[in-house]
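Fold and geometry: a report
What follows is the residue order along each chain.
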Amino acid sequence: MKRKTIFTKLGESKILWIIVSVILSFMIWVLVSVNETEDYQQTFDNIPVVFSGEEAMREAQGLVVTEQTRTSVSVTIKGPRREVSRIKKSDIQAVIDLSTITRPGTNTNYYYSVEFSPDVDKTNITVASRNPRTLSFTVDRYSFKYVEVTGVFNGSVAEGFKADVSDMRFEPSTIRVSGPEEEIAKVDKALVVIERNNIDSTIKVDMNYTLVDSGGDELQLESVITDVDAVNVTLPVTVVKTVPLTLDVLHGAGTTDGNVRMEIEPKEIKISGDADVVKLINKVSLGSLDLTEFNQLHEKTYSIVLPNDVVNESGVSEAKVTVRLVGLGVKRLSVTDIQTVNVPEGFVAEISTQSIDVTIRAPEGQIDTIKAKDLYAVLDLQEYTNNEGMFTAKASIRIDGYPDAGVINPNDYSALVVIKPAPSANT
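As a starting point, this report considers the structure included with it. For clarity, every value in this text was computed on a predicted model and none was experimentally measured.

Another point: the packing of aromatic side chains. Note on aromatic pairs: each is described by the distance of the centres and the angle between the planes. Taken as a whole and judged by the stated rule, the model has four aromatic pairs. Taking the centre distance of 5.1 Å and the plane angle of 80° together, the rings of Y110 and F137 count as edge-to-face. In this pair, Y110 is assigned in strand β5 (residues 105–111) and F137 in strand β8 (residues 134–157), connecting sequence segments 27 residues apart. Comparing Y110 with F137, the two get one shared label, buried. With 5.0 Å between their ring centres and 50° between their planes, Y384 and F391 make a pair best called tilted. On the basis of relative accessibility, which here comes to 11%, the residue Y384 falls in the buried class.

What follows is the structure, encoded as structure tokens:
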């Protein structure tokens, strides 16, 4: 059996290796500690430039920042490697303090401060350099105003429909714009542009807008602030329809549909409105005409009245109507046969009127055969209960044997009647 050498024994010694490991760990710790505590520099590019006290300056001085030479800077930080290596670019800002600005103008070579977030331990770090060292910016008078929202429609409308661009509505209808006085003065209105094709229903949508000058040109205003980002736009789209004008007739005094010749000018009009309303309208009535109120010719101008929310697109507000009655004859007769009915109980009626002149109308083949003896008048005294004295009672004219004949203006006839107590049986 071979004897172990001293090196073999050392290599197999656990205690020795433990001692070596401890020595190596200590040496590494010392090396790292030295590196972490020695001075170290790191440059951070694109550090954002921010303004401190903008709102206070606007409220106290009426000023706002309008231009700045740079929006970012480079900053070099110096300190122990351990501390500097923990700093991120997002922890650093270049801050311009506006608390000393009291008047409008350009501020050149303005010194800014480098500030760190609260998480950074600033005890052992310093700002070694910055590039550039100073900044320039401009402030202007702050102003605001309200501008009207307007809109234009660039597109097409489906056949049978109409876009009511003049009735375009916006919510809100005005927008508050604020910012530098010089820029605010350029703003004339807020413009919404709707671009749709073949539309057939009302558009209601939230849309962005652009600020434009008095000539309608879009403005590029980086410093202007608005109180809303979008507006709700309503563009009414309505149905357009052509409908005839009509006049309803009430027959009487011998008329039938075959006797009536009617002319209406204009014959039809165009209307527009909500689809659910307009689709139910197949004609527009000018009213009604009682054919017993004239002899053979009626001429009158009627107003064209439409339902609410329906628009007359033709632009005419009246229609001229001519009604002629053909195949009928007119004759004037004196009615002498005057009768009373429904005389109040206990009273008698004495008719003072001897005759009533009446105008009648009948087919041409009958008018000459009708005589005065074929007519009689009836006075209905039912409403005169407990009345005594002389009264004008309405007379209803009847024509015996001529069902196709009738009376013109039948409500215009009356007779004088005296109502008095009936004589007693003992008198």
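Let's shift gears to the sheet that holds strand β18 (residues 260–265). Within a sheet, adjacent strands bond to each other through the backbone by hydrogen bonds, running parallel or antiparallel. Taken together, the three strands give an open sheet; going across it, the order is β18-β23-β21, and neighbouring strands pair in antiparallel fashion. This sheet does not close on itself; its edge strands, each paired only once, are β18 and β21 (297–303). Going across the sheet, the axis of each strand differs from the next one's by a mean of 15°, ignoring polarity. Direction of pairing for β21 relative to strand β23 (residues 318–325): antiparallel, over a ladder of seven bridges. Paired with L297 across the bridge in β23 is R324.

Here we take up the pattern of salt bridges. Counted under the stated rule, the structure contains eight salt bridges. Salt bridges sharing partners connect three or more residues here, namely K162, D164 and E313.

Right, let's talk about the environment of E313 for a bit. For E313, the location among the structural elements is in the loop between β22 (311–312) and β23. As a C-alpha pair, E313 and Y40 span 273 residues in sequence and 83 Å in three-dimensional space. Each residue touching E313, except ones within four places of it in the same chain, is listed here: K162, K270, I271 and S272. At 2.6 Å, the side chain of E313 and the side chain of K162 are in polar contact.

This part covers the side chain of S272. Along the chain, S272 falls in strand β19 (residues 268–273). When its relative accessible area of 1% is taken as the criterion, S272 is described as buried. Engagement of the side chain of S272 in a polar contact is seen with the side chain of E313, the distance being 2.5 Å. Setting aside residues up to four positions removed in sequence, S272 forms contacts with K162, T238, V239, V240, V278, D309, V310, V311 and E313.

If you trace the three strands from one edge of the open sheet to the other, you get β10-β16-β13, paired in antiparallel fashion. Across the chains shown, the open sheet's two edge strands, defined by having one partner strand only, are β10 (169–171) and β13 (203–207). With direction set aside, neighbouring strand axes in the sheet form an average angle of 20°. As judged from the five bridges shared by β13 and strand β16 (residues 231–235), these two strands associate in the antiparallel manner. Note that in β16 the partner of I203 across the bridge is L235.

A few words on the side chain of T238. Among the secondary structure elements, T238 is positioned in strand β17 (residues 237–250). Apart from the residues lying within four places of it in its own chain, the contact partners of T238 are G160, F161, K162, D164, S272, G273 and D274.

Let's shift gears to unusual backbone geometry. Residue P132 is reached from N131 by a cis peptide bond, and omega for that bond is 0°. Its location among the elements puts P132 in the loop between β7 (126–131) and β8. Residue P266 follows E265 across a cis peptide bond; omega there is 5°. Looking at the element boundaries, P266 is found in the loop between β18 and β19. Of note, the phi angle at N46 is positive, near 60°, even though the residue is not glycine. Checked against the element boundaries, N46 lands in strand β1 (residues 39–52). Here N409, not a glycine, exhibits a phi torsion of approximately 50°, which is positive. Within the fold, N409 resides in the loop between β30 (406–407) and β31 (414–421). Given the relative accessible area of 26%, N409 is considered partly exposed.

What counts as what
- Residues numbered from 1 in each chain as written.
- Predicted model: local features only at pLDDT ≥ 70, side-chain atom pairs only at ≥ 80, totals over all residues.
- Heavy atoms only, no water.
- Phe/Tyr/Trp six-rings, centres within 6.5 Å; stacked < 30°, edge-to-face > 60°.
- Helix = DSSP H or I, 4+ residues; strand = E, 2+ residues; numbered from the N terminus.
- Buried < 20%, exposed > 50% of the residue type's maximum accessible area, 1.4 Å probe, protein only.
- Pairing = 2+ DSSP bridges.
- Axes fitted to C-alpha atoms, helices over the stretch in contact; angles between N-to-C directions.
- Salt bridge = Lys/Arg side-chain N within 4 Å of Asp/Glu carboxyl O.
- Contact = heavy atoms within 4.5 Å.
- Polar contact = N/O pair within 3.5 Å; in protein donor to acceptor, adjacent residues only side chain to side chain.

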